[in-house]
Amino acid sequence: MWVCSTLWRVRTPARQWRGLLPASGCHGPAASSYSASAEPARVRALVYGHHGDPAKVVELKNLELAAVGGSDVRVKMLAAPINPSDINMIQGNYGLLPELPAVGGNEGVAQVVAVGSNVTGLKPGDWVIPANAGLGTWRTEAVFSEEALIQVPSDIPLQSAATLGVNPCTAYRMLMDFEQLQPGDSVIQNASNSGVGQAVIQIAAALGLRTINVVRDRPDIQKLSDRLKSLGAEHVITEEELRRPEMKNSFKDMPQPRLALNCVGGKSSTELLRQLARGGTMVTYGGMAKQPVVASVSLLIFKDLKLRGFWLSQWKKDHSPDQFKELILTLCDLIRRGQLTAPACSQVPLQDYQSALEASMKPFISSKQILTM
């Protein structure tokens, strides 16, 4: 173990992360054996030194890459999305915060460039994604420990691989873990055009489940509705339409939902609860409205509804790395069969990060911003 007071790192175990060094910096031990030069390399990374507005605190910096140790893997980042959790982390209001300064980004896909002498499960050319949040993916290259990475097949689309580790995993676990749903059962969700929402629609369709999808009203609502239905959505309605008493007649052709997925909170979550069958469950995984979930006493007493929460990072803590790998491979099978595609994406070069950050925080933007290196 070596120490440098100015090491760029996040709050993950030292064995998992061999971080970036400031370009002026200090040097770690040379690798005992690996397939590339041990000379320090300059890389570009999006770094923030304090919490605040991402457009103001994130900077593109030239940093020096640490040497590769025996259990380390050097990777070249290929693509990394900007997710709401990334924005929240930079703002300082997320459940997991890195030590500062930190490199932004929790998700993405990289290609292995070199491996240390003790690495057995990866080789140059393999595609990998982060095993956990907090590694910092908005950069051109990085050195991680082998256990911090999960190999993914390189025969799936790049955008699918880059967006695989968070939203589809969240969607799959919520569909599987809270209610024992059978083909023909229905699910209702809000924020249906989000990354998770689009994954829910597709995975549900693959499982034979029917979906009621709630979105905010917008000028291009018909275009959005058509796109979600092309993914497998059965019903697409606005939040205003869901509040109308006559709307319940629109769903008479399907079983009352036993599962509701809430990413909004406030009035939107209350409306989801009203649609649930007796004994049903609403799972909250986000709070876009920044308002509390309000559940009426009558719904809790007379319909015995259950309120649960889901956070993928906690699920990973409660399950083994092999179980997460199994989840990833299950989703890759869906991708190969054409049953799960990446959300609508806009690829943005790393140097144009400002426009990507701004676009990711605008309302009614259905295209996910993906940084390319």
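Residues numbered from 1 in each chain as written. Predicted model: local features only at pLDDT ≥ 70, side-chain atom pairs only at ≥ 80, totals over all residues. Heavy atoms only, no water.

Under an unreviewed UniProt entry, the name given to the protein chain is Enoyl-[acyl-carrier-protein] reductase, mitochondrial, and the organism recorded is Pan paniscus. Recorded under Sequence similarities (unreviewed entry), the UniProt text for the protein chain is reproduced unchanged: "Belongs to the zinc-containing alcohol dehydrogenase family. Quinone oxidoreductase subfamily." Under the UniProt heading Subcellular location (unreviewed entry), the entry covering the protein chain gives this text: "Mitochondrion". (UniProt positions renumbered as here; feature names shortened; annotations may be inferred.)

1. Some details on the pattern of salt bridges
Counted under the stated rule, the structure contains 13 salt bridges. A salt bridge links R336 to D333; the shortest N-O distance between them is 3.1 Å. With R336 and D333 both in helix α11 (residues 321-336) and 3 residues apart, the pair spans about one turn of that helix. (Salt bridge = Lys/Arg side-chain N within 4 Å of Asp/Glu carboxyl O. Helix = DSSP H or I, 4+ residues; strand = E, 2+ residues; numbered from the N terminus.)

2. Here we look at unusual backbone geometry
Between L100 and the following residue, P101, the backbone shows a cis peptide bond with an omega angle of 0°. A positive phi angle, near 50°, is found at A191, a position not held by glycine. Secondary-structure assignment places A191 in the loop between β10 (186-189) and α5 (195-206). Overall, the relative accessible area of 8% leaves A191 in the buried class. In this structure, D304 is a non-glycine residue whose phi angle is positive, near 50°. The topology assignment puts D304 in the loop between α9 (297-302) and β16 (306-309). A residue is classified by how much of its surface remains accessible, and D304, at 41% relative accessible area, is partly exposed. (Buried < 20%, exposed > 50% of the residue type's maximum accessible area, 1.4 Å probe, protein only.)

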